[in-house]
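Secondary and tertiary structure notes
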Amino acid sequence: MNNEKIREYLFFIGLLFLVYLPKGGFKIAGIPFTWGYLYLGFLFLLLITILLEKKTFFVQSKHLICYLATLPFVLYFSLNLIFRGYSGSLGNLVAFYVSFAFLPLFFYLFLSPFLKKIEYGFIEKKIVQAVFLVSLYGVLLFIFKQVTGHYIEIPYVTVNADDLGTLEGKYNMRGSLYKLISTYNNGNIFGVCILMLFPIFHQKNTSKIKLMIVILALILTLSRTVWLGLLFYFILIYKDSIFRLIRIYALLGLILIVIGTFFMNRYFQYGSLSGFILDSKLGGRIEQIRQLSGLSFFGSQTFKFIEEIVYISIFKQLGFVGILLFCLSFFMPVYIAITTKNNNFLYLVGCMTYLFVCCSDGCMLYIPTLVFFYFVSTMIFISRIEPRNKTSHKK
């Protein structure tokens, strides 16, 4: 087996554990250990071993700058932790350092040279397959849940073994109607993650039926955040084709009306589709806004957790300095991409879509959200590698 095939197998295993089955695993002392994150740890050690053997370490300058931009925020948070304390759980603290310290180091510096050596077409093909299959499973599970009142739960595989039987308590209910959750155990997490890969799926998928299934899955998350994210994506893509955009959203609007007619008016706690969309409490997020009390350089609250509205949550707990360093960390890939050439636009759109939905619900410290973010951010700067045997791809 040649190195190219080995890299492809390793990439597919990553997709299996992080896109298909992101929640499979177990907990120790309340800290979730998922097969996907453990696999990333294995890959990290493997890549270090390979680098030590070859005694060479090459990182593209754009990836290096993106990584360096993450360090001030992590350092600032650590100093804040030392001097002001911490009021959250051990699991959330571990999640913070895994998400903001390990993942950017792993993706920007260690995994980027690995991804660069994989044929671009292979990556796109596997992403398209993964997005469709998890969406299809999500739709089928959604129907199964509404009909039977039960989820299909496989411990260690589709759910964390310690979360068995708790899916209904993971903010997955809209009245007596249940959100589409697929294998992500939460509708918002599923929607936010798939939105980051949706640009690749939308542009590379050739089946209209598959496209409608994935869009239906995103709609059935019953998440206004996901709906807005989908709208944001189409505006970015079709900003110069307004009539095509109108046709797309006329169809999506029709689907929403049908769902509202048959499900929402009867089962939703909002009483109607319009009541859901125009909810003045913003799904409970209005309290996060009301708690915002003036300007603060270093934050007005002891850090506990990053809430749904990411930017407000960071500002409240870490102040003006914290939100500035946070934006430096997360917006650097966008800045570099729009000021340089030869970047992958579809991955840039996925990155921008996530940064947009963070205005409503970023699911930031929940597995596997930031794996998706750092993956698309890394892929922005990886150039295409054409297949070696080009003649076999000629039409």
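Structural notes, computed from the coordinates. The model shown is predicted, which means the values in this text are computed figures rather than measured ones.

1. A look at the pairing of strand β1 (residues 25–28)
- When β1 meets strand β2 (residues 31–34), the two strands line up antiparallel, connected through four bridges. Bridged to I28 within β2 is I31.

2. Some details on the side chain of T225
- You can see T225 is positioned in helix α8 (residues 224–237).
- T225 sits in the buried class, given a relative accessible area of 3%.

3. Section: the environment of T353
- The topology assignment puts T353 in helix α13 (residues 345–357).
- Sequence-wise, T353 and F232 are 121 residues apart; in three dimensions their C-alpha atoms are separated by 6.7 Å.
- Apart from residues lying up to four places away in sequence, T353 is in contact with L195, G229, F232 and Y233.

4. Here we look at helix α7 (residues 208–219)
- For α7, spanning 12 residues, the distance from its first C-alpha to its last is 16 Å, which sits close to the expected 16 Å at 1.5 Å a residue.
- When α7 is considered as a whole, its buried residues turn out to be L211, V214, I215, A217, L218 and I219.
- Sitting at the amino-terminal end of α7 is S207, which places a side-chain oxygen 3.4 Å from the backbone nitrogen of I209.

5. Points about unusual backbone geometry
- Omega for the bond connecting I367 with P368 falls within 30 degrees of zero, at 0°, which places this linkage in the cis form.
- Although it is not a glycine, N185 adopts a positive phi angle of roughly 65°.
- For N185, the position within the fold is in the loop between β4 (177–178) and α6 (187–204).
- Taking relative accessible area as the criterion, N185 reaches 4% and is therefore assigned buried.
- Positive phi is not limited to glycine here, since L222 has a value of about 55°.

6. Considerations on the packing of aromatic side chains
- Going through the model one piece at a time under the given rule, you end up with 44 aromatic pairs.
- For the ring pair F44 and F106, a centre distance of 6.3 Å and an interplane angle of 65° mean the geometry is edge-to-face. Of this pair, F44 sits in helix α2 (residues 35–54) while F106 sits in helix α4 (residues 90–116), and the two are 62 residues apart along the sequence.
- Its relative accessible area of 17% is what places F44 among the buried residues.
- Measuring from centroid to centroid gives 6.4 Å for Y184 and F372, while their planes differ by 65°, and the two rings are edge-to-face. With Y184 in the loop between β4 and α6 and F372 in helix α14 (residues 369–379), the pair connects residues that are 188 residues apart, well separated along the chain.
- Overall, the relative accessible area of 4% leaves F372 in the buried class.

7. Overview of the state of the cysteines
- Enumeration over the complete set of coordinates arrives at zero disulfides.
- No disulfide involves C363; its sulfur sits 7.3 Å from the nearest other cysteine sulfur, which is in C193.

8. Some thoughts on the packing of helix α12 (residues 310–339) against α13
- Where α12 contacts α13, the axes come no closer than 11 Å and their chain directions differ by 165°. By the angle between their directions, the pair α12 and α13 is classed as roughly antiparallel. In the crossing of α12 with α13, the sense of the turn from one axis to the other is left-handed. Residue-level inspection shows Y311, F330, F331, V334, A337 and I338 of α12 in contact with α13, the latter providing L348, C351, M352 and L355.
- Among the residues forming the contact of α12 with α13, the class breakdown is 10 nonpolar, no polar and no charged.

Reading guide: rules and limits
Residues numbered from 1 in each chain as written. Predicted model: local features only at pLDDT ≥ 70, side-chain atom pairs only at ≥ 80, totals over all residues. Heavy atoms only, no water. Pairing = 2+ DSSP bridges. Helix = DSSP H or I, 4+ residues; strand = E, 2+ residues; numbered from the N terminus. Buried < 20%, exposed > 50% of the residue type's maximum accessible area, 1.4 Å probe, protein only. Contact = heavy atoms within 4.5 Å. Expected span 1.5 Å × (residues − 1). Polar contact = N/O pair within 3.5 Å; in protein donor to acceptor, adjacent residues only side chain to side chain. Phe/Tyr/Trp six-rings, centres within 6.5 Å; stacked < 30°, edge-to-face > 60°. Disulfide = S-S within 2.5 Å. Axes fitted to C-alpha atoms, helices over the stretch in contact; angles between N-to-C directions. Parallel < 35°, antiparallel > 145°, perpendicular 65-115°, else oblique. Left-handed = near helix turned anticlockwise from the far one by under 90°. Nonpolar A, V, L, I, M, F, W, Y, C, P; charged D, E, K, R; others polar.

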